Amino acid sequence: MPSFLKNIAEKFSQFHEALTPGRKMALWCTFAVVVVAIGGMFFWASKSTYVTLMTNLSGEDSTAIIRYLRDKKIPFIVDESGKAISVPPEKVYDLRLELSSQGLAQTGVVGYEVFDKQSFGATSTVQRINEQRALEGELIRTINHIKGVERSRVHLAIPQKSAFLEEEKRPTASVILDIAPGFSPTEDQIKGIQGLVASAVKGLDKNSVTIVSNQGKQLSQNHDDPAAAFTAMTMDYQRKFEQKLETKIASLLNTVVGEGKVMAKVNADLDFSRVNEQQVIFDGENATPRAVSRDTDQMQGTRPLAVGQAGAKAQTPGPDNLAASQQDNTVRNNTQRSREIVNYEVPKTTRSVDKPVATL
């Protein structure tokens, strides 16, 4: 051993012997940490990094790509979900081109490229099936670009044309959506997908497009039916109302019992009856005359008054009968009647009250 190394070893031995047991332990622990850190740096530096080749792969596509990489003896890493594959960075771009040329980068969907290798001996039935298959594939690719949709499947039921109009059937379609975790499609998105599919198929009505989630829940509704549309609206409103209350309850109790220890469930019984009340209120105290009508009737007249004695004696001339005939035997009548009619303007208030919908 060289002399300088021997001197260093002797000095370190003397230094080590002079330390207390606690300091000796701290020294060796520090030395071990430094060695591990240096070893880790060399390990990560020597290890080749991987970059993502493809993500959101289906099970079939992932299996096909893994088989292709193994045949080519290319190292790869598959994530825990099996939906993403990573390869060395120097191979990622070449592999993407190769997989695309091999038809492995289309997530199992075939579009109008099905006609690129069309044989001349194809029958009309094969031609019709390929056309429908290509249309389904193109719709799938378009729907997969919608936010929140990871994958989708489209099935078209297009009946053959009939020579009789009475026997002609309308086409229908069904769409299944694989929704991203934590995402809930809005009603406008569902309507948009219905309109997208209906516009791509001749004679297809948007209400004939059924959309379901990957959990089997129907997402589409018949919006042309007022009753069905109202039912869908009430159910959606009730669900959002319950979720809002659940969130408020959980946030309130989390501050008391701790985060993540509360699970709130709300079942709201809402009344969606629509009530319209019409109220008419009259204010008699503030009534004002609007029109006054006055009529006055006056009558004057006379009538004879019977005088003298009754019987035959009254017809016998004599002083009594003469005096009676010389008197004024008439009665005068004077009648006067007045009438007044007053029409009042009574203030009136008409009020239309719509009671709120969806009350507890």
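Criteria and thresholds
- Positions within a chain are numbered from 1, following the residues in the order the chain's sequence is written.
- With pLDDT at 70 or above as the cut-off, local features in this predicted model cover only qualifying residues; side-chain atom pairs require 80 or more to be listed or tallied, and sums for whole chains, interfaces and linings still use all residues.
- Excluding hydrogens and water, the side-chain values take into account all heavy atoms of the structure.
- In this description a helix means any DSSP run of H or I spanning at least four residues, a strand means any run of E spanning at least two, and both kinds are numbered starting from the N terminus.
- As used in this structure description, the phrase polar contact means that two N or O atoms lie within 3.5 Å; if the pair is within protein, one of them must be able to donate a hydrogen and the other to accept it, and residues adjacent in sequence are counted only when both atoms belong to side chains.
- An expected span of 1.5 Å times one less than the residue number is assigned to each helix.
- The contact criterion used throughout is that any non-hydrogen atoms of two residues lie within 4.5 Å.
- Here an axis means a line fitted to C-alpha atoms, over the contact stretch when the element is a helix, while the angle between two N-to-C directions is reported on a 0 to 180 degree scale.
- Oblique is the label for every angle not falling under 35 degrees (roughly parallel), over 145 degrees (roughly antiparallel), or within 65 to 115 degrees (roughly perpendicular).
- With the far helix as reference, a near helix turned anticlockwise by less than a right angle produces a left-handed crossing, and one turned clockwise produces a right-handed crossing.
- We call Asp, Glu, Lys and Arg charged. Ala, Val, Leu, Ile, Met, Phe, Trp, Tyr, Cys and Pro are nonpolar, and the rest, Gly among them, are polar.
- In this scheme, a residue with accessible area under 20% of its type's maximum is buried, one over 50% is exposed, and one in between is partly exposed, where area comes from a 1.4 Å probe on protein chains only.
- A pairing counts as a salt bridge when a side-chain nitrogen of Lys or Arg comes within 4 Å of a carboxyl oxygen of Asp or Glu.
- Here, patches come from residues exposed beyond 30% relative accessible area and free of salt bridges, joined within 9 Å for like charges and within 5 Å for nonpolar side chains (Val, Leu, Ile, Met, Phe, Trp, Tyr).
- For every accessible area listed, the method is Shrake-Rupley and the probe measures 1.4 Å; residues are considered covered only by the protein chains on display.
- What makes two strands pair is DSSP finding at least two bridges between them.
- The sign given to each residue is positive for Lys and Arg and negative for Asp and Glu; His and the chain ends receive no count.
- Within this scheme, the nonpolar core is defined by two criteria: the residues are buried Ala, Val, Leu, Ile, Met, Phe, Trp, Tyr or Cys, and they are joined through side-chain atoms within 4.5 Å.

1. Some thoughts on the side chain of Ser 220
Point 1. You can see Ser 220 is positioned in the loop between β6 (209-213) and α7 (226-257).
Point 2. Polar contacts involving the side chain of Ser 220 include one to the main-chain amide nitrogen of Ile 211, which spans 3.0 Å.

2. A short note on helix α6 (residues 187-200)
Point 1. Taking 1.5 Å of rise per residue, 14 residues should cover 20 Å, and α6 covers 20 Å from first to last C-alpha, within 8% of that figure.
Point 2. Summarising the contacts, the buried residues of α6 are in contact with α5 (124-143), β4 (149-157), β5 (172-179) and β6.

3. Some words on the packing of α5 against α6
Point 1. Axis separation between α5 and α6 bottoms out at 11 Å; the angle between their running directions is 155 degrees. Between α5 and α6, the interaxial angle falls into the category roughly antiparallel. Considering the relative orientation of α5 and α6, their crossing is right-handed. Within the contact between the two elements, α5 uses Leu 135, Leu 139, Thr 142 and Ile 143 and α6 uses Ile 193, Leu 196, Val 197 and Ala 200.
Point 2. Residue composition of the contact of α5 with α6, by class: seven nonpolar, one polar and no charged.

4. Notes on the environment of Asp 79
Point 1. Tracing the chain through its elements places Asp 79 in the loop between β2 (77-78) and β3 (85-87).
Point 2. The class of Asp 79 is partly exposed, set by a relative accessible area of 33%.
Point 3. For the pair Asp 79 and Thr 52, spaced 27 residues apart in sequence, the C-alpha to C-alpha distance is 9.9 Å.

5. As for the pattern of salt bridges
Point 1. As enumerated under the stated definition, the model contains three salt bridges in all.
Point 2. Glu 138 is paired through a salt bridge with Arg 141; the nearest N and O atoms lie 3.4 Å apart. Residue Glu 138 and its partner Arg 141 are located together in helix α5, separated by three residues, close to a single helical turn.
Point 3. Judged by relative accessible area, which is 22%, Glu 138 ranks as partly exposed.
Point 4. Where Arg 151 meets Asp 178, a salt bridge forms, and the shortest distance between an N and an O atom there is 2.8 Å. Taken together, the residues Arg 151 in strand β4 and Asp 178 in strand β5 connect sequence positions 27 residues apart. The same class applies to Arg 151 as to Asp 178, namely buried.

6. Describing unusual backbone geometry
Point 1. Despite not being glycine, Lys 73 has its phi angle at roughly 55 degrees, a positive value.
Point 2. Inspection of the secondary structure puts Lys 73 in the loop between α3 (59-71) and β2.

7. Description of a nonpolar patch on the surface
Point 1. On the surface, Ile 249, Leu 252, Leu 253, Val 256 and Val 257 cluster together to form a nonpolar patch covering roughly 460 Å² of accessible area.
Point 2. Mapped onto the elements of the fold, Ile 249 is located in helix α7.

8. Comments concerning the sheet that holds β6
Backbone-to-backbone hydrogen bonds pair the strands of a sheet. The strands run either parallel or antiparallel.
Point 1. As summarised here, the arrangement of the three strands in space is β4-β5-β6, forming an open sheet in which the pairing is mixed. Bordering the open sheet on either side are β4 and β6, each of which pairs with just one other strand. Across the sheet, the mean angle from the axis of one strand to that of its neighbour is 15 degrees, orientation sign disregarded.
Point 2. Strand direction decides the pairing type here: β4 and β5, joined by eight bridges, are antiparallel. Residue pairing in the sheet places Ala 157 in a bridge with Thr 172 of β5.
Point 3. Seen against the sheet, α5 touches β4 and β5 and runs at an angle of roughly 155 degrees to β4.

9. Observations regarding α5
The periodicity of an α-helix, 3.6 residues per turn, causes residues three or four places apart in sequence to face the same way.
Point 1. Under the 1.5 Å per step criterion, the end-to-end length of α5 is 29 Å for 20 residues, consistent within 8% with the ideal 28 Å.
Point 2. Turning to α5, its buried residues are Asn 130, Gln 132, Ala 134, Leu 135, Glu 136, Gly 137, Leu 139, Ile 140 and Ile 143.
Point 3. Those residues of α5 that are buried are in contact with β4, β5 and α6.

10. Considerations on the side chain of Glu 246
Point 1. The residue Glu 246 is located in helix α7 in this model.
Point 2. One buried charged residue, Glu 246, forms no salt bridge at all, with the nearest opposite charge on Lys 265 at 4.1 Å.
Point 3. Excluding its chain neighbours within four sequence positions, the residues that come into contact with Glu 246 are Ala 264, Lys 265 and Val 266.

11. Digging into the sheet that holds β3
Point 1. Reading across from one edge, β1-β3-β2 is the order of the three strands in this open sheet, with antiparallel pairing throughout. If you trace the sheet from one side to the other, it starts and ends with β1 (51-54) and β2, each paired once.
Point 2. Here α3 sits on the sheet and contacts β1, β2 and β3; the angle it forms with β3, its principal contact strand, is near 20 degrees.

12. What about the nonpolar core?
Side chains that are nonpolar tend, in soluble globular proteins, to be buried together.
Point 1. Ranked by internal contacts, the top residues of the largest apolar core, which has 19 residues, are Ile 143, Leu 156, Val 175, Leu 177, Val 197 and Val 209.
Point 2. For this core, the secondary-structure elements that each account for two or more residues are α5, β4, β5, α6 and β6.
Point 3. In contact with Leu 177, other than residues within four places in its own chain, are Ile 143, Val 149, Arg 151, Ser 152, Ile 190, Ile 193, Ile 211, Val 212, Ser 213, Asn 214 and Leu 219.
Point 4. Core analysis: the next-biggest nonpolar cluster, separate from the first, contains 13 residues, Leu 53, Tyr 68, Leu 69 and Ile 85 among them.

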